[in-house]
Amino acid sequence: MKSAAFFVVLALASAPALSARAENATAFRIEFNDGKVEPLRLDVPANQTLEIELVNKGQGPAEFESKQLRKEKVLAPGATVTLVIRGLDPGEYDFFDDFHPDAPPARLVAK
Amino acid sequence: MGQFGNVVFIVWRESIEALLVIGILQAWLGQQGGDASSRGRAYLWAGVAAGLVAAALLGTALILFGDRLDDDSQQIFQTVLMLLAAGLIVQMVLWMRRHGRTLKRDLETALQGAADKGNWWGVFTLAAIAVAREGCETVVFLAGTLSAARSGGFAPVVFSAVGGLALAVATYGLLQLGGKILSWRLFFRVTEILLLLLAGALLLTAADNLVALGLLPRLSGRLWDASSLLSDGGVFGGLFASLTGWRARPDLTEILVFLVYWGAMAWLLFRPKPTTR
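Residues numbered from 1 in each chain as written. Chains lettered and ligands numbered in written order. Predicted model: local features only at pLDDT ≥ 70, side-chain atom pairs only at ≥ 80, totals over all residues. Heavy atoms only, no water.

**Observations regarding the overall build of chain B**
And then number 1: Helix and strand counts for chain B come out as 9 helices and 0 strands.
And then number 2: The N-to-C order of helical and strand elements in chain B reads α-α-α-α-α-α-α-α-α.
And then number 3: The buried share of chain B, reckoned over its 277 residues, is 48%.
And then number 4: Nonlocal contacts in chain B, meaning residues at least 24 apart in sequence, comprise 82% of its contacts between residues at least 6 apart.
And then number 5: Surface summary for chain B: the accessible area is close to 13,900 Å², and the carbon and sulfur share equals 71%. (Helix = DSSP H or I, 4+ residues; strand = E, 2+ residues; numbered from the N terminus. Buried < 20%, exposed > 50% of the residue type's maximum accessible area, 1.4 Å probe, protein only. Contact = heavy atoms within 4.5 Å. Areas by Shrake-Rupley, 256 points an atom, 1.4 Å probe, with all protein chains shown as cover.)

**Digging into the confidence of the model for chain A**
And then number 1: With 78% of its residues at a pLDDT of at least 70, chain A reaches an overall mean of 80.
And then number 2: At the level of individual helices and strands, chain A shows its lowest average pLDDT in helix H1 (residues 2-21) of chain A, which scores 52, and its highest in strand E3 (residues 41-44) of chain A, which scores 94. (pLDDT = per-residue confidence, 0-100.)

**Considerations on the confidence of the model for chain B**
Residue and element names in this part refer to chain B.
And then number 1: Across chain B, pLDDT averages 81, with 83% of residues at or above 70.
And then number 2: The secondary-structure element of chain B with the lowest mean pLDDT is helix H4 (residues 109-117), recorded at 51, while helix H9 (residues 252-270) shows the highest, at 92.
And then number 3: Below pLDDT 50 for its whole length, residues 107-111 participates in 0 contacts with residues either more than four positions away or in separate chains.
And then number 4: In the model output, the complex is listed with pTM 0.77 alongside ipTM 0.71.

**Looking at the interface of chain B and chain A**
And then number 1: Taken together, the contact pairs 43 residues of chain B with 38 residues of chain A.
And then number 2: Summed over both sides, the interface between chain B and chain A buries roughly 3,300 Å², with carbon and sulfur atoms accounting for 55% of that surface.
And then number 3: Broken down residue by residue, the surface that chain B buries against chain A is led by Asp-71, Asp-72 and Glu-137 of chain B, which jointly contribute 15%.
And then number 4: If you look at where chain B meets chain A, you find 7 salt bridges.
And then number 5: The tally of links between chain B and chain A comes to 9 residue pairs in polar contact (both at pLDDT 80 or more).
And then number 6: Counting residues per element, the ones that place at least two in the side of chain B that touches chain A are helix H1 (2-30), helix H2 (34-65), helix H3 (71-103), helix H5 (121-149) and helix H7 (184-212) of chain B.
And then number 7: With 9 residues, H3 of chain B is the single largest residue contributor to the side of chain B that touches chain A. (Buried area = accessible area lost by both parts, 1.4 Å probe. Salt bridge = Lys/Arg side-chain N within 4 Å of Asp/Glu carboxyl O. Polar contact = N/O pair within 3.5 Å; in protein donor to acceptor, adjacent residues only side chain to side chain.)

**Overview of empty space enclosed by the protein**
All names here are of chain B.
And then number 1: Under the criterion given, the structure shown has 2 cavities of 30 Å³ or more.
And then number 2: The volume enclosed by the largest cavity comes to roughly 120 Å³.
And then number 3: Lining the largest cavity we find 13 residues, and of these Glu-17, Arg-133, Leu-198, Leu-202 and Ser-242 sit closest to its centre.
And then number 4: Contributions of two or more residues to the lining of the largest cavity are made by H1, H5, H7 and helix H8 (235-244).
And then number 5: In terms of residue class, the lining of the largest cavity is built from 8 nonpolar, 2 polar and 3 charged.
And then number 6: Considering only enclosed or pocket space, the second largest cavity measures out at about 30 Å³ in volume. (1 Å grid on protein atoms, 1.4 Å probe; cavity = no way out; pocket = protein on both sides within 12 Å on 5 of 7 lines; lining within 4 Å. Points joined across faces, edges and corners; volume = space filled by probe spheres on them. Nonpolar A, V, L, I, M, F, W, Y, C, P; charged D, E, K, R; others polar.)

Okay, here's the thing in structure tokens:
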């Protein structure tokens, strides 16, 4: 498993280079509160690097998930996590709180 | 009922994918020679155990330092593991194909044993990743739900979690039963293809991650939309996508990765055999 260790080191070494690239990103924010998602519609610019701050204000856990964006992030109560998205085609992308399946889906709209 | 039904459902959903992967691996190992399959099983369950430990550690890390963990580094870490698992699985399936038939006959155990040892890491890694991936989310989910349940509410949450897991195991048992009805030879074929599909799905997800990280170019926008035929969202579609690599709205990079992978597999599986007799 030496090669595995090598890959992991390589991955960790290349991470700072990437985070530096995300600096000129546009910032957005989505709040989760025990099944409520705010906002339910988030307008973002297409083909740009986006930084979305995910905040869980609820008592229980939440999970940002979007199959179309291929992103999932679990959020412990009170946690804040930043999601980086590089370049979206114009269009609509559904996302939802996967730990509250009965909640209505929210939507990211890239223009 | 509402909240606890929710706990049961989420634990079931998070467990079933890992159980399906374990089931495929176990079925595939079951078709190998006796000694090889028991050795492989040891790697499988060691992988499951490693996955559970990793899930607990990762889940704890997400709860304690979630705010400070960098999105990109997490994604790179996952991607590297996925690529590694995909590579090991393909290598393992091909190796088994070449040696599987002679494995039972060859009794030069020293040499065979050595060759044997090196080739179960695919089973180990795939089982570990499948368990850790869903498991760490379940850890965060349960820890958060427990902390929200406050005084006196612990027992129902724990019961529901155990219920969800039991339901997942029952579903898995049902699928295993279904596997018994298929004929022996067909089943070997099917599990082999399922493993290659799984490796391909990991490869596609890894490619998607590399595109998302800006390390691989995205050669086009989505080329078509087959969501109405079979969506890759939703409970069933999402599960299907992560087991087979299905993409309802693929871009050119995804299509190329898919074609190159299956082209390479077809060549490796059906190329004329070297004349070693």
